[in-house]
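A look at the structure
Here's the letter readout for the chains.
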Amino acid sequence: MGKLALAAKITHVPSMYLSELPGPRHGFRQAAIDGHIEIARRCRELNVDTIVVFDTHWLVNANYHINCAPHFKGVYTSNELPHFISNMEYEFPGNPELGRLLAEEANRLGVETMAHDATTLGPEYGTLVPMRYMNADQRFKVISVSALCTSHYLADSARLGWAMRKAVEEHYDGTVAFLASGSLSHRFAQNGTAPDFATKVWSPFLETLDHRVVKMWEEGDWDTFCTMLPEYAVKGHGEGFMHDTAMLLGALGWTKYDGKAEVLTPYFGSSGTGQINAVFPVTPQDGSTIPAAQASNPDFIAASRL
């Protein structure tokens, strides 16, 4: 029925908004903004009607959650970095129908998920920053998915991504894009040193690790990457514990994915973190290597406590 037409790993650094404003940083994130504009252009070309964002700034402590209100509008100031994002206006339509379908399929596959269509909950900036550059004309409906998951298994996040693809392809009459909104390494510069790291990664180790990961993506070495993802998420200080990336790779087929990443915005440092915009071609998949559900498996939970 429906189609997953585009998948991407994207940056949402708040310095993109700062880059718009007059001052010493004016224009210094134009490459990242241009990457978002190119993704939006491709979405338009592919007749995408809804963008689903796996948002690593939406923190949740239990369950997976989908913000699928019918409409979003407001003024946002970041509680983390109010000197970067302050009084940023936003507005775009939501998609309650698709949000409910995504949750229903995730629950069918054993990943407990809740869709919130009657809510005053606003999106976080992992969704708002990309939509500023991709959706200024409100062409696309938007759904935000919690991806800063504090007590969750990466395997369940991968399964969630696959369930969401199935929901689109089997139950939705439309065309959708999935965006994993989060960094690679996410070790912020120590307080007091942030200006010195405005365009740098925190350490040579993390930068080297990130570059090796990007090379895996470009070469299509998904078996190696998916196998190392849990350790990379910890030792590489992955943003949101890399749940957005697990969701994206789950949607693409996990270790059987056979595409190669196309880098739109080359890897760059930002306040100590490692960032990129990269598109992952969507290829036919059967889901045969998608991880089994873990949180809903009593035997797994019992064994994990030993």
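The coordinates are above.
Residues numbered from 1 in each chain as written. Predicted model: local features only at pLDDT ≥ 70, side-chain atom pairs only at ≥ 80, totals over all residues. Heavy atoms only, no water.

**A short note on the packing of helix H7 (residues 222-235) against helix H8 (residues 243-252)**
For the pair H7 and H8, interaxial distance at closest approach is 11 Å and the crossing angle is 145°. The two elements H7 and H8 cross, and the hand of that crossing is left-handed. Facing Trp222, Phe225, Cys226 and Leu229 of H7, the residues of H8 in contact are Thr245, Ala246 and Leu249. (Axes fitted to C-alpha atoms, helices over the stretch in contact; angles between N-to-C directions. Helix = DSSP H or I, 4+ residues; strand = E, 2+ residues; numbered from the N terminus. Left-handed = near helix turned anticlockwise from the far one by under 90°. Contact = heavy atoms within 4.5 Å.)

**So, the side chain of Thr56**
The topology assignment puts Thr56 in strand S2 (residues 50-60). Of the residues examined, Thr56 reaches a relative accessible area of 2% and is grouped as buried. Among the polar contacts made by the side chain of Thr56, one reaches the main-chain carbonyl oxygen of Ser181 at a distance of 2.7 Å. One polar contact links Thr56 to Glu239, side chain to side chain, over a distance of 3.4 Å. The contact partners of Thr56, leaving out residues within four places of it in the chain, are His12, Ala147, Leu148, Ser181, Gly182, Glu239, Gly240 and Asp244. (Buried < 20%, exposed > 50% of the residue type's maximum accessible area, 1.4 Å probe, protein only. Polar contact = N/O pair within 3.5 Å; in protein donor to acceptor, adjacent residues only side chain to side chain.)

**Quick look at the sheet that holds strand S10 (residues 273-280)**
Spatially, 8 strands are ordered S6-S3-S7-S2-S8-S1-S10-S9 in an open sheet, and the strand pairing comes out mixed. The open sheet terminates on both sides in strands that have one partner only, identified here as strand S6 (113-116) and strand S9 (262-270). Here the strands of the sheet are splayed against their neighbours by 20° on average, with no regard to which way each runs. Alignment of strand S1 (residues 3-10) against strand S8 (residues 175-181), held across 7 bridges, turns out to be parallel. Each residue of the ladder has a partner; that of Ala7, found in S8, is Phe178. Each of S2, strand S3 (64-67), S6, strand S7 (141-149) and S8 is contacted by helix H3 (residues 96-108), which is oriented at about 170° to S6, the strand it contacts most. (Pairing = 2+ DSSP bridges.)

**Examining the packing of aromatic side chains**
Applying the stated criterion across every chain yields a total of 11 aromatic pairs. Considering the side-chain rings of Tyr76 and Tyr125, the 6.4 Å spacing of their centres and the 65° angle between planes classify their relative orientation as edge-to-face. Within this pair, whereas Tyr76 is found in strand S4 (residues 71-76), its partner Tyr125 is found in helix H4 (residues 125-134), the two being separated by 49 residues in sequence. Taken together, the ring pairs in this structure connect Trp217, Trp222, Phe225, Tyr232, Tyr257 and Phe280 into an aromatic cluster. When the ring centre of Phe28 is taken as reference, the NZ or CZ atom of Arg29 above it lies at 4.3 Å. Sitting above the plane of the Trp202 ring, Arg187 keeps its charged end 4.3 Å from the centroid. (Phe/Tyr/Trp six-rings, centres within 6.5 Å; stacked < 30°, edge-to-face > 60°. Lys NZ or Arg CZ within 6 Å of the ring centre and 35° of its normal.)

**Re the packing of H3 against helix H5 (residues 154-171)**
Running from amino to carboxyl end, H3 crosses H5 at an angle of 125°, the nearest separation of the two axes being 8 Å. Comparing the axis directions of H3 and H5 gives the class oblique. Along this stretch, H3 crosses H5, giving a crossing that reads as right-handed. Two secondary-structure elements touch here, H3 through Leu98, Leu101, Leu102, Glu105, Ala106 and Arg108 and H5 through Leu160, Ala163, Met164, Lys166, Ala167, Val168 and His171. (Parallel < 35°, antiparallel > 145°, perpendicular 65-115°, else oblique.)

**Observations concerning H4**
An α-helical segment advances 3.6 residues per turn. Residues three or four places apart therefore align on the same side. The element H4 is extensively covered by neighbouring structure, given that 9 of its 10 residues are classed as buried. Buried residues of H4: Tyr125, Gly126, Thr127, Leu128, Val129, Pro130, Met131, Tyr133 and Met134, and no others.

**With respect to unusual backbone geometry**
Phi at Asn63 is positive, roughly 65°, even though this residue is not glycine. Residue placement: Asn63 occurs in the loop between S2 and S3. Positive phi, normally seen in glycine, also occurs at Phe241, with a value near 60°. Within the secondary structure layout, Phe241 lies in the loop between H7 and H8.

**Considering the pairing of S10**
Counting buried positions along S10 yields 8 of 8 residues, so the element is predominantly enclosed. Across the two faces of S10 the burial is the same, with Thr273, Gln275, Asn277 and Val279 and Gly274, Ile276, Ala278 and Phe280 all buried. Where S1 lies against S10, 3 bridges are found, and the strand directions are antiparallel. Residue pairing for S10: Ala8 is matched across the bridge by Val279. Pairing analysis gives 6 bridges linking S9 to S10, with the strands arranged antiparallel. Residue pairing in the sheet places Thr265 in a bridge with Asn277 of S10. If you look at the hairpin formed by S9 and S10, you'll find 2 residues sitting between the two strands, and Ser271 has a positive phi there, around 55°.

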